[in-house]
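# Overview (structure and organization)
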Amino acid sequence: MVSPVIKSKRNRNKMNTSNPNRRKVRLLVIFILLFIPVFYFVFFTSIPAPSTELEGTWLRSDGTYSIKISEVKDDGKMKAEYFNPGPIHVAESRWEVKDKKIQIFVKMQDKNYPGSYYNLSYNEKSKKLIGTYYQAVQQQTFDVSFEKRNN
């Protein structure tokens, strides 16, 4: 009877035994596990509401028009009231950060203001709200600025 020949296995270093594909998969898993928290932080964490900058009464530079902003929330919601000099109904108001600037939108829906709106940006240097006013009745857009009144 012939017995099988058994050859001894070579001693291999365990570090050198990993399959190159298995190594790539491990690196990919590590990369993904590190990337997910960074991705979440950059894209899904909410920007804190700029309440200290926005809240208060803002007087337009060319008249008695004013916007009173309050209740600025992290999700972009805010309460805005508009006066000329009496109250005008505000149908919609919100804020957002766009191009690294705080921007607000205030839309009126009242007699003589059917869909008129403001698009304003907060200027950190001048501490003013600067932008445009769309006057729906005249269908014209005007450059405007507001300065915060000390209350």
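Values in this document were obtained by computation on a predicted structure and should not be read as measured data. (Residues numbered from 1 in each chain as written. Predicted model: local features only at pLDDT ≥ 70, side-chain atom pairs only at ≥ 80, totals over all residues. Heavy atoms only, no water.)

## With respect to the nonpolar core
In terms of nonpolar packing, the biggest core is built from 23 residues, with Ile69, Ile104, Tyr118 and Leu129 touching the most fellow members. Elements represented by at least two residues in this core include exactly strand S2 (66–70), strand S3 (79–84), strand S5 (90–98), strand S6 (101–110), strand S7 (113–123), strand S8 (128–135) and strand S9 (140–148). Those residues in contact with Tyr118 that sit more than four places away from it in its chain are Arg60, Tyr65, Ile67, Tyr82, Ile104, Phe105, Val106, Met108, Thr132, Tyr133, Val144 and Phe146. (Core = buried A, V, L, I, M, F, W, Y, C linked by side-chain atoms within 4.5 Å. Buried < 20%, exposed > 50% of the residue type's maximum accessible area, 1.4 Å probe, protein only. Helix = DSSP H or I, 4+ residues; strand = E, 2+ residues; numbered from the N terminus. Contact = heavy atoms within 4.5 Å.)

## A look at the environment of Lys111
Mapping Lys111 onto the fold places it in the loop between S6 and S7. Sequence separation between Lys111 and Ile88 is 23 residues; the distance between their C-alpha atoms is 8.2 Å.

## Comments concerning the sheet that holds S8
Here we have nine strands laid out as an open sheet, ordered S4-S3-S2-S1-S9-S8-S7-S6-S5, and antiparallel in their pairing. Whereas interior strands pair on both sides, the edge strands pair on one side only; in this sheet they are strand S4 (86–88) and S5. Mean inter-strand twist for the sheet, computed between neighbouring axes without regard to direction, equals 25 degrees. Bridge count between S6 and S7: seven bridges; the pairing is antiparallel. Bridge pairing links Ile104 to Leu120 in S7. (Pairing = 2+ DSSP bridges. Axes fitted to C-alpha atoms, helices over the stretch in contact; angles between N-to-C directions.)

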